[in-house]
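Residue-level structural notes
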Amino acid sequence: MSGSCAAAEEEAGSGQQLHMKVNEYKENQNISYVSLKPVQTPVLEKIAKVCLVPFSLSNYKSGQLKLPKSLLNKNSNSEVACKKFKKTGIKKTCRRILTSKMEATTSPKAESILQKSSLDVHPESNQRQQKSTSDSVILSVDVESSQDEDSDEDTTSSLGDFSGLSPYERKRLKNISENADFFASLQLSESAERLREMIKKRQPPKSKRKKPKKRENGTGCRRSMRLLNVDPSGFSLSAIPTQPTLVADENPLLPPGPLEMTPENVDDNSELFKGFLQTWAEVSKTSSKNIEKELSSIKSYKANLSGMVIREDTVYKVTRGSVCSMAFHPSDTKTLLAAGAKSGQVGLWDLTHQPKEDGVYVFQPHSQTVSCLYFSPTNPAHILSLSYDGTLRCGDFSRAVFEEVYRNEESSLSSFDFLAEDASTLIVGHWDGSMSLVDRRTPGTSCEKLINSSLRKIRTVHVHPVHRQYFVTAGLSDTHIYDARRLNPRGSQPLISLTAHTQSVASAYFSPLTGNRVVTTCADCKLRIFDSSCISSQVPLLTTIRHNTTTGRWLTRFRAVWDPKQEDCFIVGSMAHPRQVEIFHETGKRVHSFLGECLVSVCSINAMHPTRYILAGGNSSGKIHVFMN
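The paragraphs below set out a description of the structure included in this document.

1. Structural notes on the overall build of the protein chain
What the protein chain contains, in helices and strands, is 10 helices and 32 strands. Evaluated residue by residue, the protein chain yields a buried proportion of 45% over its 629 residues. On the protein chain, roughly 35,700 Å² of surface is accessible, and the fraction owed to carbon and sulfur atoms is 51%.

In structure tokens, the structure reads:
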């Protein structure tokens, strides 16, 4: 710092001697600004020009700060300090002045002189000058001394009691020295190098594992003589050709042709079964007359529904597996009920017979799900059943036989209905979307027409009760009304489409008396009622009822069906708790809910007696619950 450090000039004959009191250094004492121009300051009876340069400790590392030996001595002497440095006389004078300068700069007078004598005012110097004056002076001396000292000079002498430094500076220098000595004694770099060498030595060389050679003559593991195909005496056994095992079909098709009515739960030669068949034949003869149906008022209808109750003797497991279809015999004298099951069974239950176990008979006319059951409107002694196995049979109680009406082994059947009032012609729906016209008067089991429709799937088929040339089909989000007179085997277009559904439709039925309404059950948890009074034009949507139809995998899907006695009310199962069966009006209002202690399961399939107030509901275990007066 030969160009920027302070130069001391002695003035001879100076008559004035300034005596200043040296104040102790205060911690965290900051100077507002420092001037780079020389300042005349009286120090130790001499006038010295000192140039102060701002210096920051952040630019230096811990090992770069080394104090000269002159500042570490307990009794600093200007003559001894000058002997140690190999510089000119001006630098020796600078050493003496800077060494004793710590006492002068700590006084408030020296501070005021520096502030008054400064010519340049810098507004931003307050932020840059946060260090004390003593730090700047010591660093300037340290930099100069470190450049001039020899490399072997001892700069780490003992840190004793320094008269020229404040207690804070002495403690700071002592901590720096102790920390440096501590880290040097640890020898971290040497230890790290040794560890690296040890890790390299310990790593085993990578070598591929040699696979053991297979023994050609010996056996790898012990095996039984049976697996080795060796006789216990040591002789090899002759190889026996294994025949492929044939997996039996779970639901084999029944042989074509008529099947005898043989009950599975009782002996067919018993007197009870013969009396059961005779009862059904006699009841069918007396109930063949057509009775005119009249629409009753809602008040009287509600009153009759409220009188219907369920008892333990009206609950019984009729079939094996889920109930998928039900139908009441139209008799007014006896209560006869038929149920079709998922297992292909058809169960007949005479509720007037006691005990109830003796009034149930189960038959097996099909091998798969019986999805549709109807009693013949002209001859109630005939019950027609349709199954997924591709067969449509007619059970004749007078002859105790199930005759085959229609058979199609290439396609699965889903539903059917009578086109003619005398039940001579039928419309049959297939799961692949096609339809068949069947005439029972034609010999054989084939259909008259096989019509390809625009539907991808057909779930239900229902004929208009008045204009029987119209029928409605329900499928995958498609509900169409067709005209049987315009069916074309190559492809038929629907007369009207009901496009309000967003998901698959489980069922669609015309109202029983006039056919002016169509009720549909959709998987989007909505029941819809359409106005079908004018089929030649559009069929508008009248009412939408929010109803939970999510039955899941193990329950049969809900199908809302009309009450044959009431034109404007329909019945549907419910997922609500407690378990119940609900009746709604076409306006969307709930008319009645059937509850009871004996009803503890979901009844997905429901049927109402055509002339009497009797309701039957079937669940997914084959049990039937009957509400009656």
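Read on for the rest.
2. A short note on the nonpolar core
In terms of nonpolar packing, the biggest core is built from 30 residues, with L305, M308, F570, I583, F594 and L615 touching the most fellow members. Elements represented by at least two residues in this core include exactly α10 (298-306), β5 (309-317), β24 (526-531), β26 (561-562), β27 (569-573), β28 (581-585) and β29 (590-594). In terms of residue count, the dominant contributor to this core is β27 (4 residues). The contact partners of I583, leaving out residues within four places of it in the chain, are Y301, L305, C569, F570, I571, K589, R590, V591, H592, F594 and M608. One finds V346, F363, V370 and L373 within the second-largest nonpolar core, a separate group that totals 20 residues.

3. Some details on the pairing of β28
Within β28, 5 of the 5 residues are buried, which leaves the element mostly enclosed by the surrounding structure. Of the pairings in the sheet, the one linking β27 to β28 comprises 5 bridges and is antiparallel in character. Looking at the pairing, V572 lines up with E582 of β28. Relative to β29, β28 runs antiparallel, the two being bridged by 4 bridges. The residue of β29 that forms the bridge with I583 is H592. Adjacent in sequence and paired antiparallel, β28 and β29 are bridged by 4 residues, among which G588 carries a positive phi angle near 105 degrees.

4. Some points on a nonpolar patch on the surface
A cluster of nonpolar side chains, contributed by F182, F183, L186 and L188, occupies part of the molecular surface with about 410 Å² of accessible area. Counting residues per element, the nonpolar patch draws most heavily on helix α7 (residues 167-186), at 3 residues. Tracing the backbone through its elements, the reader meets F182 in helix α7. The class for F182 is partly exposed, based on a relative accessible area of 47%.

5. With respect to the sheet that holds strand β20 (residues 479-483)
In space, the 4 strands of this open sheet follow the order β18-β19-β20-β21, with antiparallel pairing throughout. Bordering the open sheet on either side are β18 (458-463) and β21 (496-498), each of which pairs with just one other strand. Direction aside, neighbouring strands of the sheet carry axes that sit 20 degrees apart on average. Relative to β21, β20 is paired through 3 bridges, and the arrangement is antiparallel. Counterpart to T479 in the pairing with β21 is L498.

6. Description of the packing of aromatic side chains
One pass over the full model with this rule turns up 15 aromatic pairs. When the centroid spacing of 6.0 Å and the interplanar angle of 25 degrees are considered together, the rings of F570 and F584 count as stacked. Separated by 14 residues along the polypeptide, F570 in strand β27 and F584 in strand β28 bring together distant segments of the chain. Judged by its relative accessible area of 4%, F584 is buried. Here the basic side chain of K565 rests over the ring of Y613, its NZ or CZ set 4.8 Å away from the ring centre.

7. Digging into the pairing of strand β6 (residues 323-328)
Most of β6 is tucked away, with 6 of its 6 residues classed as buried. The sheet contact formed by β6 and strand β7 (residues 336-341) spans 5 bridges and is antiparallel. Following the sheet pairing, V323 is matched in β7 by A341.

8. Some thoughts on the state of the cysteines
Per the counting criterion, the structure on display carries 0 disulfides. You can see C525 has no disulfide; the closest cysteine sulfur is in C522, sitting 8.7 Å from it. Of the residues examined, C525 reaches a relative accessible area of 12% and is grouped as buried.

9. A look at the pattern of salt bridges
For the structure on display, the rule yields 16 salt bridges. R393 serves as the salt-bridge partner of E404, at 3.6 Å between the closest nitrogen and oxygen. Remark: R393 occurs in strand β12 (residues 391-396) and E404 occurs in strand β13 (residues 401-407); sequence separation between them is 11 residues. R393 carries the same exposure label as E404, and that label is buried. The shortest N-O distance in the salt bridge between R407 and E409 comes to 3.0 Å. Residue classification places R407 among the buried positions, given a relative accessible area of 16%. The network of salt bridges with common partners includes R393, E404, R407 and E409.

10. Examining the sheet that holds strand β31 (residues 614-618)
Backbone-to-backbone hydrogen bonds pair the strands of a sheet. The strands run either parallel or antiparallel. One open sheet holds the 4 strands; their spatial order is β5-β32-β31-β30, and the pairing between them is antiparallel. Of all the strands in the sheet, just β5 and β30 (605-608) have a single pairing partner and so form its edges. Taking the axes of each pair of neighbouring strands and ignoring which way they run, one obtains an average angle of 20 degrees across the sheet. Bridging between β31 and strand β32 (residues 623-628) involves 5 bridges; their strand directions are antiparallel. Bridge pairing links L615 to F627 in β32.

11. Remarks on unusual backbone geometry
Of note, the bond from Q354 into P355 is cis; its omega dihedral lies within 30 degrees of zero at 0 degrees. Tracing the chain through its elements places P355 in the loop between β8 (346-350) and β9 (360-363). Residue S477 is not a glycine yet carries a positive backbone phi of 55 degrees. Turning to its location among the elements, S477 is positioned in the loop between β19 (470-475) and β20.

12. Section: the side chain of R517
Relative to the assigned elements, R517 resides in strand β23 (residues 517-522). Leave out the neighbours within four places in its chain, and R517 touches Y509, F510, S511, I529, F530, D531, S532, L542, W562 and E586.

13. Focus: the side chain of T520
Mapped onto the fold, T520 is located in strand β23. Side chain to side chain, T520 and H501 meet in a polar contact 2.9 Å long. Setting aside its immediate chain neighbours within four residues, T520 contacts T479, H501, V505, S507, A508, K526, L527, R528 and F530.

14. A look at the environment of G617
Mapped onto the secondary structure, G617 falls in strand β31. Separated by 45 residues in sequence, G617 and V572 have C-alpha atoms that sit 9.6 Å apart. For G617, the contacting residues outside a window of four places in its chain are M326, C603, I605, N606, K623, I624 and H625.

Calculation criteria
- Per chain, residue numbering runs from 1 following the sequence as it is written.
- Side-chain atom pairs in this predicted model are given and counted only at pLDDT of 80 or more, local residue features only at pLDDT of at least 70, and totals for whole chains, interfaces and linings cover all residues.
- Side-chain numbers come from the whole structure's heavy atoms, not from hydrogens or water.
- Only runs of H or I of at least four residues qualify as helices and only runs of E of at least two qualify as strands under DSSP, and these elements are numbered from the N terminus.
- Only protein chains enter the area calculation, which uses a 1.4 Å probe; residues under 20% of their type maximum are buried, those over 50% are exposed, and those in between are partly exposed.
- Per-residue and other accessible areas follow the Shrake-Rupley method at a 1.4 Å probe size, with only the shown protein chains counted as cover for residues.
- Put simply, buried Ala, Val, Leu, Ile, Met, Phe, Trp, Tyr and Cys residues joined by side-chain atoms within 4.5 Å make one nonpolar core.
- Any pair of residues with heavy atoms lying within 4.5 Å of one another is described as a contacting pair.
- The criterion for strand pairing is that DSSP finds at least two bridges linking the strands in question.
- What goes into a patch is any residue over 30% in relative accessible area without a salt bridge, connected to like charges within 9 Å or, for nonpolar side chains (Val, Leu, Ile, Met, Phe, Trp, Tyr), within 5 Å.
- Any Lys or Arg side-chain nitrogen found within 4 Å of a carboxyl oxygen on Asp or Glu counts as a salt bridge.
- The axes used here are C-alpha line fits, helices contributing only the stretch in contact, and every angle between their N-to-C directions lies in the interval 0 to 180 degrees.
- Ring pairs shown here join Phe, Tyr and Trp side chains whose ring centres sit within 6.5 Å, with only the six-membered ring taken for Trp; geometry is labelled stacked below 30 degrees between planes, edge-to-face above 60, and tilted in between.
- In this scheme, the term charge over a ring applies when either NZ of a lysine or CZ of an arginine sits within 6 Å of the ring centre and within 35 degrees of the ring normal.
- Defined by distance alone, a disulfide is two cysteine sulfur atoms within 2.5 Å.
- We define a polar contact as two N or O atoms separated by no more than 3.5 Å, with the added condition that, inside protein, one atom must be a possible hydrogen donor and the other a possible acceptor, whereas residues neighbouring each other in sequence contribute only through side-chain atom pairs.

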